[in-house]
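This is what each chain is made of:
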Amino acid sequence: MSAAAPLTLLYVPGDRQDVVRKAAASGADVVIVDLEDAVAPDRKEYARAATVELLSDPPSATAPPVHVRVNDEADVLALAGLPGLGGLRLPKITHAASVHHIAARAPGVALCPLLESALGIEHAYSVASAHPQVRAIALGEADLRADLGVREDAGLDWSRSRVVVAARAAGLAPPAQSVFADVRDLDGLWSSCAHGRALGFLGRAAIHPRQLPVIERAFRPTPQEVEAAWEIVEAARDQAGAQALPDGRFVDAAVVAQAQRTLSLAERER
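Nothing here was measured: the structure is a model prediction, and the numbers come from that model.

Draft legend 1. The arrangement of the pattern of salt bridges in detail. Overall, the coordinates contain 18 salt bridges when judged by the stated rule. For R43, the salt bridge identified is with D15, shortest N-O distance 3.1 Å. Here the residue R43 occupies a position in the loop between β2 (30-34) and α2 (44-54), and D15 occupies one in the loop between β1 (8-13) and α1 (17-24), the gap between them amounting to 28 residues. R43 sits in the partly exposed class, given a relative accessible area of 33%. Across the salt bridge formed by E216 and R220, the nearest N and O atoms sit 2.8 Å from each other. Residues joined in a network through salt bridges with shared partners are D34, E36, D37, R69, K92 and D143.

Right, dumping it as structure tokens:
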């Protein structure tokens, strides 16, 4: 699952087709066309029509998948079935019933519910496991921060962990982190990614191409991690069952599985 999950997801406003075209060449694993927060109310219809036109043709073999964060049900109905649509991101989901409602209107489309409120966090597992079309869940931290009245970043850690656990319990890949809003603070982005990785996130959404290399490096295994993973896998080949490595590390099936995920992530194409 870790090897298949995207590391970089780039948000672009749906009413800026010049930016959308540039995003396709940015190196992001997934491009997310935003029809919700990034588009002014008087530009919503234009953004929808432009996105329908964009996704009316099948994607090229070299283009990243294009997902769309929808604004309302009209967006879902307009986009469902388009050959270029890679998936829908569903804002402000609070209940499994909402997922079923959208899945019925977009059959076969990969869905990613966004949990952006206290109620959404409380129902994280039921949303994550609501329907086979749910391929990922994600946290919307800006809205959640406002809903909870949280000022310090650490105040979101419980909610972050809840989303990570819910995704794993539902058999989904680890969720990607929410966006880091200061596009100039790359050191802060790096530190935030390291914290997210420690909590169990894999990859991150970005709002500017300059953030992509930082995110990529932050979530790729380091050479030291790869070396340690190889040592564990090789030891498991030589001797079945739980064992201790020469440096005292204990190795069992769960540790071997984690090492194999590390190697798979390190070996996939950039």
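Draft legend 2. Spatial organisation of empty space enclosed by the protein. In this structure the tally under the stated criterion is one cavity of 30 Å³ or more. In this structure, the largest cavity encloses a volume near 40 Å³. In terms of lining, the largest cavity is formed by L139, E141, R160, Q177, S178, G196, L199 and F201. For the lining of the largest cavity, the residue count by class is three nonpolar, three polar and two charged.

Draft legend 3. The pairing of β2, seen in detail. By the criterion of burial, β2 is predominantly enclosed, with five of the five residues buried. Residues V30, I32 and D34 of β2 are buried on one face, and the alternating residues V31 and V33, pointing to the opposite face, are buried as well. Of the pairings in the sheet, the one linking β1 to β2 comprises five bridges and is parallel in character. Looking across to β2, one finds that V12 is bridged to V33. Relative to strand β3 (residues 66-69), β2 is paired through four bridges, and the arrangement is parallel. The residue bridging I32 from the neighbouring strand is H67, located in β3. Of the crossover connections in this fold, the one passing from β2 over α2 to the parallel β3 is right-handed.

Draft legend 4. View of the pairing of strand β4 (residues 87-90). Neither face of β4 is open: one carries G87 and R89, the other L88 and L90, and all of them are buried. Two elements, β3 and β4, share three bridges in a ladder whose sense is parallel. Paired with R69 across the bridge in β4 is R89. Note on the crossover from β3 through helix α3 (residues 73-79) to β4: the handedness is right-handed. Relative to strand β5 (residues 111-115), β4 runs parallel, the two sharing three bridges. Across the sheet, the residue bridging to L88 is L111, located in β5. Between the parallel elements β4 and β5, the chain passes through helix α4 (residues 96-105) in a crossover that is right-handed.

The rules behind each value
- Residues numbered from 1 in each chain as written.
- Predicted model: local features only at pLDDT ≥ 70, side-chain atom pairs only at ≥ 80, totals over all residues.
- Heavy atoms only, no water.
- Salt bridge = Lys/Arg side-chain N within 4 Å of Asp/Glu carboxyl O.
- Helix = DSSP H or I, 4+ residues; strand = E, 2+ residues; numbered from the N terminus.
- Buried < 20%, exposed > 50% of the residue type's maximum accessible area, 1.4 Å probe, protein only.
- 1 Å grid on protein atoms, 1.4 Å probe; cavity = no way out; pocket = protein on both sides within 12 Å on 5 of 7 lines; lining within 4 Å.
- Points joined across faces, edges and corners; volume = space filled by probe spheres on them.
- Nonpolar A, V, L, I, M, F, W, Y, C, P; charged D, E, K, R; others polar.
- Pairing = 2+ DSSP bridges.
- Right-handed = clockwise from strand over helix to strand, strands pointing away.

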